[in-house]
Amino acid sequence: MEEAKTNTAAPCSFSGIHPAMMELPYPPIRVKGKNPSYANLLSIDYCGSVSELSAITQYINNENRLASVNCTMARTILSIAMAEMMHLQKLGELICLLGGNLDYAAKQPNGRMRLWTPEYLSLAQLPAQMAAIGIESEQAAIQQYRMHMKMIRDEDVCAVLARIIQDEEYHIMILRGLGNC
């Protein structure tokens, strides 16, 4: 009887990993006042098809699948996911301050709600494809944040979104480097 092969490689260590973020402070998390319309826009960034929740889920899935075959890339992907978690937390704070709910439903401008689903994810098999999909996702997030900033007339909220964009641009730079691995 043939024995099952086991992975004898040393496990990938994730100790000491920090979020992949620009070394710049975040603006204070505050709003000019309650604004459900702004909260609804941010709910799309929080848990829509292009969102921090989608990014976190996709990056963690990629990291899990890479850990046994490409530890360096897995560690880098985890650091990006950690930054996305910080973004999700900041958006959640803003949504609550604006009077919105954190219910994993993206509230569309037409009044419809759409619950987050894993159907939003694009799961690639090859590391280079993972990096390419990550770049596309980061670019879409930046575009969406910029569009929302044009619709939101609260400089405190827009300042946080602008700071998040800086991290997303940093992630694109990192992912471009990973795509060459």
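Here, the structure is the one placed above.
These lines cover the structure that appears in this document, whether it is placed above or below. The shown structure was predicted, so the numbers you read here are calculated from the model rather than taken from an experiment. (Residues numbered from 1 in each chain as written. Predicted model: local features only at pLDDT ≥ 70, side-chain atom pairs only at ≥ 80, totals over all residues. Heavy atoms only, no water.)

**Concerning the state of the cysteines**
The tally for this structure, following the rule as stated, stands at one disulfide. The partner cysteine of Cys-12 in its disulfide is Cys-71, sulfur to sulfur 2.0 Å. The S-S bond linking Cys-12 to Cys-71 shows a torsion near 85 degrees; that makes this disulfide right-handed. With Cys-12 in the segment before helix H1 (36-47) and Cys-71 in helix H3 (residues 71-97), this pair connects stretches of sequence that are 59 residues apart. Classification of Cys-12 as buried rests on a relative accessible area of 16%. (Disulfide = S-S within 2.5 Å. Helix = DSSP H or I, 4+ residues; strand = E, 2+ residues; numbered from the N terminus. Buried < 20%, exposed > 50% of the residue type's maximum accessible area, 1.4 Å probe, protein only.)

**Let's talk about the layout of surface pockets**
In this structure, the largest pocket encloses a volume near 290 Å³. Lining the largest pocket are 25 residues, with Ser-49, Ser-51, Ser-54, Ala-55 and Ser-137 positioned closest to its centre. Residue assignment for the lining of the largest pocket shows that the elements contributing at least two residues are helix H2 (52-66) and helix H4 (127-151). Looking at the lining of the largest pocket, the element that brings in the most residues is H4, giving ten residues. (1 Å grid on protein atoms, 1.4 Å probe; cavity = no way out; pocket = protein on both sides within 12 Å on 5 of 7 lines; lining within 4 Å. Points joined across faces, edges and corners; volume = space filled by probe spheres on them.)

**Some words on empty space enclosed by the protein**
Overall, the coordinates contain one cavity of 30 Å³ or more when judged by the stated rule. What the largest cavity holds in volume is close to 30 Å³. Taken together, Ser-43, Tyr-46, Cys-47, Asn-101, Leu-102, Asp-103, Tyr-104, Ala-105 and Lys-107 make up the full set of residues lining the largest cavity. In terms of residue class, the lining of the largest cavity is built from five nonpolar, two polar and two charged. (Nonpolar A, V, L, I, M, F, W, Y, C, P; charged D, E, K, R; others polar.)

Remember that the coordinates give geometry; whether it matters functionally is a separate question.
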